[in-house]
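# Commentary on secondary and tertiary structure
This is what each chain is made of:
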Amino acid sequence: LTAVDANIPVALIGPAGSGKSTVTRQIADALELKFYLQNSVSGDHQLAGYLDAYGKYNTTSFREAFEKGGLILIDEVDTSDAGALKWINTALANGYAMFPDQPDPINKHADFRVMIAANTFGNGSDRVYVGANQLDASTLDRFVFFDYRYDEKMERIMSGNLAWAERVQELRKAAMKERARIVISPRATIN
């Protein structure tokens, strides 16, 4: 919360179901910022927006947060196209960005905050997260990384069934020890 409040771009890296998206929204609420969401980015038009065939500008969540203030989460960022994400480098490093509807750069709003969430550290796929892409080091360099793991104490509380929660956690540990290609997240406990 302190890093986001200080306007430091934050990356939450952790396994599926660890609550990265949920906590990001809670951080936005705590900071009284409007919450924006962008899923995996396949082209820079998903960040910058685009002019359609009629010359009408189509905005994005990133543009709205950048220009008007708010916290944007780029979720599943490690499944994004590395080249498309490079578009945000100038925006994050210099505090301004180009958008296709005008010739002059737009300055970053004082209340703009950005977080990314991923299952990997941007180094490419692994045995479990096979859809992950390697991301450009120049983009990753702009973020402070937090290793966001399962909160097993919270998982036991939320489960409503302590014996079941402990069994799921035992199976998770066994799967990790065997390097099994499976995710046993708190969703298995709670659902």
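Here the structure is a predicted model, which means the values were calculated and not measured. (Residues numbered from 1 in each chain as written. Predicted model: local features only at pLDDT ≥ 70, side-chain atom pairs only at ≥ 80, totals over all residues. Heavy atoms only, no water.)

## A few points about the packing of aromatic side chains
Put simply, the rule is: Stacked, tilted and edge-to-face are the three classes assigned to paired rings of Phe, Tyr and Trp, where Trp is represented by its six-membered ring and a pair needs centres within 6.5 Å; plane angles under 30 degrees give stacked, over 60 edge-to-face, the rest tilted. Labels follow the DSSP assignment, with helices taken as runs of H or I lasting at least four residues and strands as runs of E lasting at least two, numbered in each case from the N terminus. For the exposure calls, accessible area comes from a 1.4 Å probe over protein chains only, and a residue counts as buried if that area is under 20% of its type's maximum, exposed if over 50%, partly exposed in between. Criterion for a charge above a ring: Lys NZ or Arg CZ within 6 Å of the ring centre, and within 35 degrees of the ring normal.
This model, assessed by the stated rule, comprises seven aromatic pairs. Ring geometry for Phe-62 versus Phe-112: centroids 5.5 Å apart, planes at 70°, classification edge-to-face. With Phe-62 in helix H4 (residues 61–68) and Phe-112 in strand S8 (residues 112–118), this pair connects stretches of sequence that are 50 residues apart. Across the pair, exposure class does not vary: Phe-62 and Phe-112 are buried alike. Through pairs of rings, three or more aromatic residues link up here, namely Phe-62, Phe-66, Trp-87, Phe-99 and Phe-112. When the ring centre of Phe-99 is taken as reference, the NZ or CZ atom of Arg-63 above it lies at 4.5 Å.

## Topic: the environment of Asn-7
What counts here: Residue contacts are counted whenever heavy atoms from the two residues lie within 4.5 Å of one another.
By secondary structure assignment, the location of Asn-7 is in the loop between helix H1 (2–5) and strand S1 (10–13). Once you skip the residues sitting within four places of it in the chain, Asn-7 turns out to touch Lys-108, Ala-110, Phe-112 and Arg-113.

## Section: the sheet that holds strand S5 (residues 70–74)
Our working rule: For two strands to count as paired, DSSP must find a minimum of two bridges between them. As a rule, the C-alpha atoms of each element are fitted with a line to give its axis, helices using only the stretch in contact, and angles between N-to-C directions run from 0 to 180 degrees.
What the five strands build is an open sheet, ordered S2-S5-S8-S1-S9; its pairing is parallel. With one partner strand each, in any of the chains shown, strand S2 (35–38) and strand S9 (144–147) form the two edges of the open sheet. Looking at each pair of strands side by side, their axes are set apart by 20° on average, direction ignored. Two strands pair when backbone bridges link them, and S5 and S8 are joined in this way by five bridges, in the parallel orientation. Bridge pairing in S8 links Ile-72 to Val-114. Packed on one face of the sheet, helix H2 (residues 20–30) meets S1, S2, S5 and S8 and runs near 170° to S5.

Read these as geometric descriptors, not functional statements.
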